[in-house]
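Residue-level structure breakdown
One-letter residues, chain by chain:
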Amino acid sequence: MNFYILTLFPEMVVNGLNTSIIGRAAEAGLLRLEAINIRDYSANKHHKVDDYPYGGGAGMLMQAQPVYDAFQSVQERIGKKPRCIYVTPQGRTFSQADAKAFAKEEDLVILCGHYEGIDERVLEEVVTDYVSIGDYVLTGGELPAMVLVDAVSRMVPGVLGNQESGDFESFEGNLLEYPQYSRPEEWHGKKVPEVLLSGHHKNIEMWRRKQSVLRTKERRPDLLEKAELTEEEKGWAESGSHAKA
Ligand code: 6GU
């Protein structure tokens, strides 16, 4: 899968994503990450990319021309119009379902805004998806772009070592993941739950499912409303988050 990140700060994105799992996947050829400097496409002799907003108001806007030409350079190279995500607090909130859907694309353009935003006219022509990473304001789209690349990349087949681990984790089925424990069996006076040492796989699976339901009820009741639960599982949630066993 190919990511094309249109940004005024390409080194920020590249440096942030060349480590760990994503860096290894890129080296293995599963992903390709290209940061494109919008400033390189400025038609202005001073490489200017921003100007004052018509009608007045605070700050500067990124102009349409350099953004459009940067996008066009990608479109011409790949020979078709790619999906183009504009990362903005005005978008829909990014979800795991979006990460999975975006991972099916061969090419994905992510457009990062700066200053007070981008001239609306170019957004109308190139953007297919408006995506936010949450209800707070950041100074630019680079961090959200990095969040998207990470979340989408790990849904690309082969990027995670164990392909199963993408499917049995938090948000799968709108439930949070159950608590996990490793050695030693006792730490700071706290014992690992007995059932996990029992070797009884059916009971372990049931205990984990119950913990997922209770944890989601306690921490993310909004998610639990969307989860598909059996009558027995609904009973666990009803008996309350104090019912820890
Ligand atoms: Cl996608 N961009 C900016 N600038 N701020 C944000 C955001 C995106 N998502 C949440 N806050």
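That block above? That's the structure.
Here we summarise the structure given alongside this text. (Residues numbered from 1 in each chain as written. Predicted model: local features only at pLDDT ≥ 70, side-chain atom pairs only at ≥ 80, totals over all residues. Heavy atoms only, no water.)

Quick notes on the packing of aromatic side chains
This model, assessed by the stated rule, comprises 2 aromatic pairs. Taking the centre distance of 6.3 Å and the plane angle of 5° together, the rings of Phe-94 and Phe-102 count as stacked. Take Phe-94: its relative accessible area is 16%, and that puts it in the buried class. Classification of Phe-102 by relative accessible area gives buried; the value is 1%. (Phe/Tyr/Trp six-rings, centres within 6.5 Å; stacked < 30°, edge-to-face > 60°. Buried < 20%, exposed > 50% of the residue type's maximum accessible area, 1.4 Å probe, protein only.)

So, helix H7 (residues 201-219)
The terminal C-alpha atoms of H7 lie 26 Å apart, and with 19 residues this matches the ideal 27 Å at 1.5 Å per residue to within 8%. Along H7, the residues classified as buried are Ile-204, Trp-207, Gln-211, Ser-212, Val-213, Leu-214 and Thr-216. Of the surrounding elements, those touching the buried residues of H7 are helix H8 (221-224) and helix H9 (231-238). (Helix = DSSP H or I, 4+ residues; strand = E, 2+ residues; numbered from the N terminus. Expected span 1.5 Å × (residues − 1). Contact = heavy atoms within 4.5 Å.)

Considerations on the pattern of salt bridges
Under the definition given, this model contains 13 salt bridges. Put simply, Glu-34 and Arg-77 hold a salt bridge, and the shortest N to O gap is 2.7 Å. Here the residue Glu-34 occupies a position in strand E2 (residues 32-37), and Arg-77 occupies one in helix H3 (residues 64-78), the gap between them amounting to 43 residues. One salt bridge connects Arg-220 with Asp-222, and the closest N-O pair in it is separated by 2.8 Å. Here Arg-220 falls in the partly exposed class, since its relative accessible area comes to 29%. (Salt bridge = Lys/Arg side-chain N within 4 Å of Asp/Glu carboxyl O.)

Quick look at the sheet that holds E2
Strands sit in the order E2-E1-E6-E5-E7 across an open sheet of 5 strands; the sheet is parallel. If you trace the sheet from one side to the other, it starts and ends with E2 and strand E7 (129-132), each paired once. Ignoring which end each strand starts from, the neighbouring axes of this sheet average 30° apart. In this structure, strand E1 (residues 2-7) lies alongside strand E6 (residues 107-112), joined through 5 bridges in parallel fashion. Following the sheet pairing, Ile-5 is matched in E6 by Ile-110. Set on the sheet, helix H6 (residues 142-153) makes contact with E1, E2, strand E5 (83-93), E6 and E7; between it and E1 the angle comes to about 175°. (Pairing = 2+ DSSP bridges. Axes fitted to C-alpha atoms, helices over the stretch in contact; angles between N-to-C directions.)

Quick look at the site of the ligand
Lining the immediate environment of the ligand, one finds Val-87, Thr-88, Pro-89, Val-131, Ser-132, Ile-133, Gly-134, Tyr-136, Leu-138, Gly-140 and Pro-144. Separating a nitrogen atom of the ligand from a backbone N or O atom of Ile-133 is a distance of 3.0 Å. Within the backbone of Leu-138, a nitrogen or oxygen atom sits 3.1 Å from a nitrogen atom of the ligand. Listing elements by their share of the shell around the ligand, those giving two or more residues are E5 and E7. (Near = heavy atom within 4 Å. Polar contact = N/O pair within 3.5 Å; in protein donor to acceptor, adjacent residues only side chain to side chain.)

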